[in-house]
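# Architecture at a glance
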Amino acid sequence: MNGQSFRIATYNLQKCVGLDMRRRPDRSLSVIAALDADLVVLQEADKRLPPRPAALPHDMAEQDGWRILPFGAPGGSLGWHGNTMLALPRVTVCNTWHMVLPGLEPRGAIMAEIDTVIGPLRVIGLHLGLVRRDRLLQLARIQRRLRRMPPMPTVLAGDFNEWGSAAALAAAVDDKRFAPTPPSYPAPRPVARLDRIATCDALVARASGTYAAKPAHIASDHLPVWADLEPAPR
């Protein structure tokens, strides 16, 4: 990765429980470290039941050199509805906030405005619902929020939970493009592109992929997805 690109990754941790049914946050962190990313958007970073304590312990992430963005809630959670972000120290965090998403099941999205080697970025981390109608409603709410905000190069990253073509998702975020990432689910033999990264016209994904090396094949039921972002040519 050259010095003028910014690597973002997204990873559904499955609460750090691998396909061997062992909760191994150290294993999850080894996969995250191997991504060589500047910013990692995580889903299912907390345990399921209230007060949703962190499945990925704060101290272990910080000992690995990550800054945990402040999306957690009282009770020890790491994020908002299980969503959080880890950033390297060279990433400057300017603003963070979160929002509730509509749907039959509790869902939320997180947003961060950061300064990077390629300039300011607004990153939205999400974990969309299991029902397509809910997913479209959730993306529509995010889009409405973005339209009320000052313009800034924007990235959406997370588990979109869409098994089929991205056409329906693309129509819901019509000013953004999905990076051509490979299937990421299920981890041992991926067939579905559930995990995706989408960028606005101000950015281009020069390279993208999934990370499938050991132990990613058993650390979660998802593989992590990454993209190297650069400013779009003027």
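I will try to describe carefully the structure that is included in this document.

About the cut-offs
- Residues numbered from 1 in each chain as written.
- Predicted model: local features only at pLDDT ≥ 70, side-chain atom pairs only at ≥ 80, totals over all residues.
- Heavy atoms only, no water.
- Buried < 20%, exposed > 50% of the residue type's maximum accessible area, 1.4 Å probe, protein only.
- Helix = DSSP H or I, 4+ residues; strand = E, 2+ residues; numbered from the N terminus.
- Contact = heavy atoms within 4.5 Å.
- Disulfide = S-S within 2.5 Å.
- Core = buried A, V, L, I, M, F, W, Y, C linked by side-chain atoms within 4.5 Å.
- Pairing = 2+ DSSP bridges.
- Axes fitted to C-alpha atoms, helices over the stretch in contact; angles between N-to-C directions.

Pro25, Arg27, Ser28, Leu29, Val31 and Ile32 are the residues of helix α1 (residues 25–34) that are buried. Those residues of α1 that are buried are in contact with β1 (6–12), β2 (39–43), α2 (58–63), β4 (84–87) and α5 (216–219). Asp36 sits one or two positions beyond α1 and adopts a positive phi of about 55°.

Counted under the stated rule, the structure contains 0 disulfides. Of all cysteine sulfurs, the one in Cys200 lies closest to Cys94, which takes part in no disulfide; the gap is 16 Å. Relative accessible area serves as the criterion here: at 11%, Cys200 is assigned to the buried category.

Once that is clear, we can look at the environment of Val117. One can find Val117 in the loop between β6 (107–116) and β7 (119–127). Residues Val117 and Gly103, 14 residues apart in the sequence, show an inter-C-alpha distance of 36 Å.

Turning to the nonpolar core, a few remarks are in order. The biggest cluster of nonpolar side chains holds 26 residues, and the ones touching the most others in it are Leu13, Ile32, Leu42 and Leu56. Secondary structure elements with two or more residues in this core: β1, α1, β2 and α5. With 3 residues, α1 is the largest single contributor of residues to this core. In this structure, Leu56 is in contact with Leu13, Cys16, Pro25, Leu29, Leu42, Ala45, Leu78 and Leu86, ignoring residues within four places of it in sequence. In terms of nonpolar packing, the next biggest core, distinct from the first, is built from 25 residues, Ile8, Ile110, Ala157 and Ala227 among them.

Our focus in this paragraph is the sheet that holds β6. One open sheet holds the 6 strands; their spatial order is β5-β6-β7-β8-β10-β9, and the pairing between them is mixed. The sheet is open, and its two edges are formed by β5 (92–101) and β9 (176–178), each paired on a single side. Between one strand axis and the next, the sheet turns through 20° on average, direction left out of account. Across 6 bridges, β7 lies against strand β8 (residues 154–159) in parallel orientation. Each residue of the ladder has a partner; that of Gly125, found in β8, is Ala157. Of the strands in this sheet, β5, β6, β7, β8 and β9 are in contact with helix α3 (residues 132–147), which crosses β5 at around 135°.

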